[in-house]
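# Notes for the structure review
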Amino acid sequence: MSNRRRVVAAVLIGVAAIVYGISPLDLAPEAILGPLGLLDDAGVLVGAGIAVWKLLQGRSK
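Below is a summary of the structure that appears in this document. (Residues numbered from 1 in each chain as written. Predicted model: local features only at pLDDT ≥ 70, side-chain atom pairs only at ≥ 80, totals over all residues. Heavy atoms only, no water.)

For the rest of this paragraph, the subject is the overall build of the protein. Within the protein one finds three helices and zero strands. Its C-alpha atoms give the protein a radius of gyration of 14 Å, more than 25% over the compact-globule value 10 Å for 61 residues. Once the C-alpha set of the protein is aligned to its principal axes, its extents read approximately 45 × 15 × 10 Å. Burial analysis of the protein (61 residues in total) assigns 16% to the buried set. (Helix = DSSP H or I, 4+ residues; strand = E, 2+ residues; numbered from the N terminus. Rg over C-alpha atoms; globule rule 2.2 N^0.38 Å. Buried < 20%, exposed > 50% of the residue type's maximum accessible area, 1.4 Å probe, protein only.)

Below is the structure:
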């Protein structure tokens with residue numbers, strides 16, 4: 001995968017994670033589950049961070 005594609009993929013993953021985080025549609029809604037409802041949001045953000053890190057780690061200089 002080219003460097004440009006890696007960066008574009010990383011940006012798209014980051015944007016998708018942020019959109020999911022602010023979206024009112026959730027797998028586990030905070031209004032019903034309280035603080036436990038934040039776990040799915042946190043999981044998505046952590047997973048996206050790891051995916052972006054792995055994508056950009058393989059980038060050649």
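Now, onward.
Let us now look at the environment of Gly 49. Relative to the elements of secondary structure, Gly 49 occurs in helix α3 (residues 38-57). Look at Gly 49 and you get partly exposed, because its relative accessible area is 39%. Linking Gly 49 and Ala 17, residues 32 residues apart in sequence, is a C-alpha distance of 8.8 Å.

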